[in-house]
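Spelled out, the chains give:
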Amino acid sequence: MKKVSVILSHLSNQPQFKVLKQQNCYKKYISLLGAKWQKAIAFIYIKNDTLFVAVTHPGFKMELNYNRDLLKSVLTQLTTHDQECEMLKAQKVVVFHSKYHTIEKNEGNATTIPYYNELASSDFDIYTEDTELKEKFEKIKADIKAQLP
């Protein structure tokens, strides 16, 4: 029985799936850049010996235009050290702003653990005759007890 990684590597070596191999190399290239540049770059592609770099904000375009040598050197180092990414060769670098980019969504976990100690205590008396109000205070007591360690 074959493993999934063997099947995927076999498929990625097929000529019709050459794009998958290129996308994997593009991801490797972006991961080699610094964290600041990783956030700045929306996507990249190579066409006619030109590396096209799409950025997420026009301010990043200016900065990357000044660092074209950095982009070229990282690309040449990737092609020399990684046999799978030998096809990534570029003589020129073009940086442009793209409004079409994926936006990373950071969804927070709704059930988070509070990082503080509960200051309230559930040691209080309820002096009321109203049953609705008494039930609400009992619920508050139960909530406070649930938060205490």
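Quick notes on the rules
Residues numbered from 1 in each chain as written. Predicted model: local features only at pLDDT ≥ 70, side-chain atom pairs only at ≥ 80, totals over all residues. Heavy atoms only, no water. Salt bridge = Lys/Arg side-chain N within 4 Å of Asp/Glu carboxyl O. Helix = DSSP H or I, 4+ residues; strand = E, 2+ residues; numbered from the N terminus. Buried < 20%, exposed > 50% of the residue type's maximum accessible area, 1.4 Å probe, protein only. Phe/Tyr/Trp six-rings, centres within 6.5 Å; stacked < 30°, edge-to-face > 60°.

K.L.:
How would you sum up the pattern of salt bridges? Please name residues and give values.
P.N.:
In total, this model carries four salt bridges according to the counting rule given. When the shortest N-O distance is used, the salt bridge between Glu-84 and Lys-28 registers 3.5 Å. You can see Glu-84 sitting in the loop between helix 5 (68–81) and strand 3 (92–97) and its partner Lys-28 sitting in helix 2 (residues 18–32), a full 56 residues away along the chain. Note on Glu-84: relative accessible area 42%, which makes it partly exposed. Taking relative accessible area as the criterion, Lys-28 reaches 27% and is therefore assigned partly exposed. Across the pair Glu-63 and Lys-36 runs a salt bridge whose closest N-O atoms are separated by 3.0 Å. Taken together, the residues Glu-63 in helix 4 (residues 58–66) and Lys-36 in helix 3 (residues 35–40) connect sequence positions 27 residues apart.

K.L.:
For the packing of aromatic side chains, give the residues involved together with the corresponding values.
P.N.:
Within this structure, the stated rule accounts for four aromatic pairs. Taken together, a centroid distance of 6.5 Å and an interplanar angle of 15 degrees make the contact between Phe-43 and Tyr-45 stacked. Look at Phe-43 and you get partly exposed, because its relative accessible area is 30%. Judged by relative accessible area, Tyr-45 falls into the partly exposed class, the value being 32%. Ring centres of Phe-43 and Phe-96 lie 6.2 Å apart, and the angle between their planes is 70 degrees; this geometry places the pair in the edge-to-face category. Linking Phe-43 in strand 1 (residues 41–47) with Phe-96 in strand 3, this pair joins segments that are 53 residues apart in sequence.

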